[in-house]
Amino acid sequence: MAAWCEANELAGFGRWLRKQAHEETEHGLKFLDFLLDRDQRVRLMDIAATPTDYGSVLDVFRAALAHE
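The rules behind each value
- Residues numbered from 1 in each chain as written.
- Predicted model: local features only at pLDDT ≥ 70, side-chain atom pairs only at ≥ 80, totals over all residues.
- Heavy atoms only, no water.
- Phe/Tyr/Trp six-rings, centres within 6.5 Å; stacked < 30°, edge-to-face > 60°.
- Helix = DSSP H or I, 4+ residues; strand = E, 2+ residues; numbered from the N terminus.
- Buried < 20%, exposed > 50% of the residue type's maximum accessible area, 1.4 Å probe, protein only.
- Lys NZ or Arg CZ within 6 Å of the ring centre and 35° of its normal.

A. Quick peek at the packing of aromatic side chains. This model, assessed by the stated rule, comprises three aromatic pairs. Both rings, one in Trp4 and one in Tyr54, keep their centres 6.0 Å apart while their planes meet at 80 degrees; by these two values the pair is edge-to-face. Here the residue Trp4 occupies a position in helix α1 (residues 2-7), and Tyr54 occupies one in the loop between α2 (11-37) and α3 (57-67), the gap between them amounting to 50 residues. Of the two residues, Trp4 and Tyr54, both sit in the buried class. Relative to Phe61, the ring of Trp16 has its centre 5.7 Å away and its plane inclined at 40 degrees; by these criteria the two rings are tilted. Linking Trp16 in helix α2 with Phe61 in helix α3, this pair joins segments that are 45 residues apart in sequence. One residue, Arg38, lies across the ring of Phe34, its end atom 3.6 Å from the ring centre.

Here it is as structure tokens:
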């Protein structure tokens, strides 16, 4: 989503989406650490790729909201 924004000259939206993606990664790592600290086995599953083409920035944010 960030890449689509940046490719379509919407750098501010792209930066914001990159920041959100980074925060989600940090949250996932906190879950990982929580489980590992408790000697739990961690199995990571596939995550479906998000679309790469959108009709508008509104479509991007609708998809981001649905993904949330």
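Let's pick the thread back up.
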